Amino acid sequence: MKKITILFALLSVLVLNSNAQKISVGGFLGYSSPQGEAFTYDEGSGGKGGFGYTFDIMYHLGQFDNKLAVGLIYNGAILVGGGAANDSYSLDMYGLGLRGVKGYYRFFNSGVSPYAAISTGLSRLEVPEVTVNGDVVAEGGSTNSFGLAPELGVEFGGFTISAMYLLPMKYETWGGEKETAGSLQISVGWRVGFDL
């Protein structure tokens, strides 16, 4: 509770010391490619892919001509992968996401501008139950880890094209085993700004 109070006080000071106050909201959808040990299948057989989505709300700092912003992010992906094993084929669905804070820098104040961002916070991996011939071999479940995701993109007015890489971190997967999991998400989206 003390950390939340300190964070709220810091954000309040930033808001009160700004001349021009601006908030923006962004929403993004795209392709997400699974990365890491948790998504490898028997000798590279099969395939993998997924669908990613991101929502953020950013407070732009007037002291930096509204190019620098800080805020909150919610990122998630539904990942699917499958491979052959012992004359059978398995298809699994995973959930991977990041909830946390985001720092964002837009290089120009023109209509078209590249930007860079970095997000960090709590990352969560959900793994499926593994069955062989109808018998449960490993229970599914979810586990948390530290998450870090650099991002590069280009804004065309409000329209955005971006690439975000959720770095593979260690998660507990099946039977207490620790494996890395991450994703590369290529997205299109829209950002809308509001003056306060």
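For the structure, check the block above.
Residues numbered from 1 in each chain as written. Predicted model: local features only at pLDDT ≥ 70, side-chain atom pairs only at ≥ 80, totals over all residues. Heavy atoms only, no water.

**Describing the nonpolar core**
Among soluble globular proteins, nonpolar side chains are generally buried collectively. Phe 39, Leu 79, Leu 96, Leu 125, Tyr 171 and Ala 181 are the most contacted members of the largest nonpolar core, which has 16 residues in total. Of all elements in the fold, only strand S3 (68–85), strand S4 (88–106), strand S5 (112–127) and strand S9 (159–172) reach the threshold of two or more residues within this core. Here this core takes 4 residues from S9, the largest share from any one element. Look past the residues within four positions of Phe 39 in its chain and what remains in contact with it is Pro 34, Lys 48, Leu 79, Tyr 94, Leu 125, Ala 181 and Gly 182. By size, the runner-up hydrophobic cluster in this structure holds 5 residues, among which are Met 58, Ala 69, Tyr 104 and Ala 117. (Core = buried A, V, L, I, M, F, W, Y, C linked by side-chain atoms within 4.5 Å. Buried < 20%, exposed > 50% of the residue type's maximum accessible area, 1.4 Å probe, protein only. Helix = DSSP H or I, 4+ residues; strand = E, 2+ residues; numbered from the N terminus. Contact = heavy atoms within 4.5 Å.)

**Let's talk about the pattern of salt bridges**
For the coordinates displayed, the defined rule picks out 7 salt bridges. The structure contains a network of salt bridges with shared partners spanning Asp 56, Lys 102, Arg 106, Glu 151, Glu 155 and Arg 191. (Salt bridge = Lys/Arg side-chain N within 4 Å of Asp/Glu carboxyl O.)

**Points about the packing of aromatic side chains**
One pass over the structure, following the stated rule, counts 5 aromatic pairs. Aromatic side chains Tyr 104 and Tyr 115 sit 5.2 Å apart centroid to centroid with 40° between the ring planes, which places their arrangement in the tilted category. Of the two residues, Tyr 104 is situated in strand S4 and Tyr 115 in strand S5; the sequence distance between them amounts to 11 residues. The buried category is assigned to Tyr 104, whose relative accessible area is 2%. Accessibility expressed as a relative area gives 2% for Tyr 115, which makes it buried. Among the aromatic residues, those joined into a cluster by ring pairs are Phe 51, Tyr 53 and Tyr 74. Above the plane of the ring of Tyr 104 lies Arg 191, whose end atom (NZ or CZ) is 5.1 Å from the centre. (Phe/Tyr/Trp six-rings, centres within 6.5 Å; stacked < 30°, edge-to-face > 60°. Lys NZ or Arg CZ within 6 Å of the ring centre and 35° of its normal.)

**Considerations on the side chain of Ser 24**
In this structure, Ser 24 sits in strand S1 (residues 22–35). By relative accessible area, which is 2% here, Ser 24 ends up buried. Separated by 2.7 Å, the side chains of Ser 24 and His 60 make a polar contact. Engagement of the side chain of Ser 24 in a polar contact is seen with the side chain of Arg 191, the distance being 3.0 Å. What Ser 24 contacts, discounting residues up to four positions off in sequence, is Asp 56, Ile 57, Met 58, His 60, Arg 191, Val 192 and Gly 193. (Polar contact = N/O pair within 3.5 Å; in protein donor to acceptor, adjacent residues only side chain to side chain.)

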